[in-house]
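Examining the three-dimensional arrangement
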Amino acid sequence: MEREDIVEKVRQRKISTYILFVVDASGSMGAMRRMEAAKGAIISLLLDAYQKRNKIGMIAFRKDRAELILPFTSSVELGEKLLKDLPTGGKTPLADAFIKSYEIFERELRKNPNIIPIMIIISDFKPNVAVKNDYIKDVFNICEKIAEKNINVILIDTEPQSFIKMGIGREIANRFGFRYCKIDDLSKDKILDICKSLL
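Figured I'd write up the structure that's included with this text. (Residues numbered from 1 in each chain as written. Predicted model: local features only at pLDDT ≥ 70, side-chain atom pairs only at ≥ 80, totals over all residues. Heavy atoms only, no water.)

Considerations on unusual backbone geometry
Outside of glycine, negative phi angles account for most residues, and trans bonds account for most peptide bonds. Let me state the cut-off plainly: Counting from the N terminus, the helices are DSSP H or I runs at least four residues long and the strands are E runs at least two residues long. Partly exposed residues are those whose accessible area sits between 20% and 50% of the maximum for their type, while under 20% is buried and over 50% is exposed, using a 1.4 Å probe and protein chains only.
Despite not being glycine, Lys63 has its phi angle at roughly 60°, a positive value. Position of Lys63 among the secondary structure elements: in the loop between β2 (55–62) and β3 (65–73). Looking at Lys63, the relative accessible area reads 48%, which means it is partly exposed.

Here it is in structure tokens:
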């Protein structure tokens, strides 16, 4: 028997993709009727996640806090139902949404560092609720931690074109190297291509 005749079984752990949808359910999203477009984009991604057997989770943020409404699961039907029933109203606690998302992925990466974490944030990126003192600084501080953790982030900006435009979504993307797209320019194929490029 030669050395090359020896076959060793190596068990490889399958790399899973964990996609966390972080959905702005504040009053501005409902008032501008941007929520319908946001839900359409998410449902396309949910179906793609189901076909690829990826895990999905969902955070909604409105009023004064962000809430995990769907822990990571393979149930696309549950994700779609929660999305359809999602109420809108109140302020935009964007910093808390980033913080909750970071904490969730930090826990998952501790359990399994081989997962591919993708955070998809759909918002008009107009924060008006502070965690500490300054709601813009709060957002930048947590985004710095997210970037250091190498969590993949896609920002889908629903802010409408107008003379009064804050452009915070674009600024976050440029500052921390996150992927960025406007919801008006978004097609089903484009958002799927963005996700595939992260895998």
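Regarding the pairing of β2
In plain terms, the rule: Should DSSP find at least two bridges between two strands, the strands are regarded as paired.
Of all the eight residues making up β2, six are buried; the element is thus mostly covered by neighbouring parts of the structure. The pairing of β2 with β3 spans six bridges and is classified as antiparallel. Across the sheet, the residue bridging to Phe61 is Ala66, located in β3. Linking β2 back to β3 in an antiparallel pair, the connection comprises two residues, with Lys63 at a positive phi of about 60°.

Considerations on helix α5 (residues 135–148)
Cut-off, in case you're wondering: The length a helix should cover is 1.5 Å for every residue beyond the first. Note on definitions: a residue-residue contact is assigned when non-hydrogen atoms from the two residues lie within 4.5 Å. What qualifies as a polar contact is a pair of N or O atoms within 3.5 Å, subject to a donor-acceptor requirement within protein and to the restriction that residues adjacent in sequence count only when both atoms come from side chains.
For α5, spanning 14 residues, the distance from its first C-alpha to its last is 20 Å, which sits close to the expected 20 Å at 1.5 Å a residue. Residues of α5 that are buried: Asp138, Val139, Phe140, Ile142, Cys143 and Ile146. Looking at the buried positions of α5, the neighbouring elements they touch are α4 (94–111), β4 (116–123), β5 (152–157) and α6 (168–176). Among the residues of α5, the N-terminal cap falls to Asp134, whose side-chain oxygen and the backbone nitrogen of Ile136 are separated by 2.9 Å. Remark: Asn150 follows α5 within two positions and exhibits a positive phi of approximately 60°.

A closer look at the pattern of salt bridges
Two side chains bearing opposite charge may form a pair once their charged atoms approach each other closely. This is how the line gets drawn: We define a salt bridge as a contact between a side-chain nitrogen of Lys or Arg and a carboxyl oxygen of Asp or Glu at a distance within 4 Å.
Inspection of every chain in the model, using the stated rule, returns three salt bridges. With its nearest N and O atoms 3.4 Å apart, the salt bridge here joins Glu108 to Lys111. Here Glu108 and its partner Lys111 are both found in helix α4, three residues apart, which amounts to about one turn of the helix. Residue class for Glu108 comes out buried when judged on its relative accessible area of 15%. Residue Glu171 is joined to Arg175 by a salt bridge in which the shortest nitrogen-to-oxygen separation is 3.5 Å. You can see Glu171 and its partner Arg175 sitting in helix α6, four residues apart, about one turn around the helix. Take Glu171: its relative accessible area is 35%, and that puts it in the partly exposed class.

Structural notes on the nonpolar core
To keep it simple, the criterion reads: Remark: nonpolar core denotes a set of buried residues (Ala, Val, Leu, Ile, Met, Phe, Trp, Tyr, Cys) joined through side-chain atoms within 4.5 Å.
Ranked by internal contacts, the top residues of the largest apolar core, which has 33 residues, are Phe98, Met119, Ile146, Leu155, Ile172 and Phe178. Breaking this core down by element, the ones donating at least two residues are β1 (17–24), β2, β3, α4, β4, α5, β5 and α6. When residues of this core are assigned to their parent elements, the largest contribution, eight residues, is made by α4. Residues in contact with Ile146, not counting those within four places in the same chain, are Phe98, Tyr102, Met119, Ile151, Val153 and Phe178.

Things to note about the side chain of Ser26
Looking at the secondary structure, you find Ser26 in the loop between β1 and α1 (27–31). At a separation of 2.7 Å, a polar atom in the side chain of Ser26 contacts the side chain of Asp24. Side chain to side chain, Ser26 and Thr92 meet in a polar contact 3.1 Å long. Not counting residues up to four positions away in its chain, the partners in contact with Ser26 are Phe61, Arg62, Thr88, Gly89, Gly90, Lys91 and Thr92.

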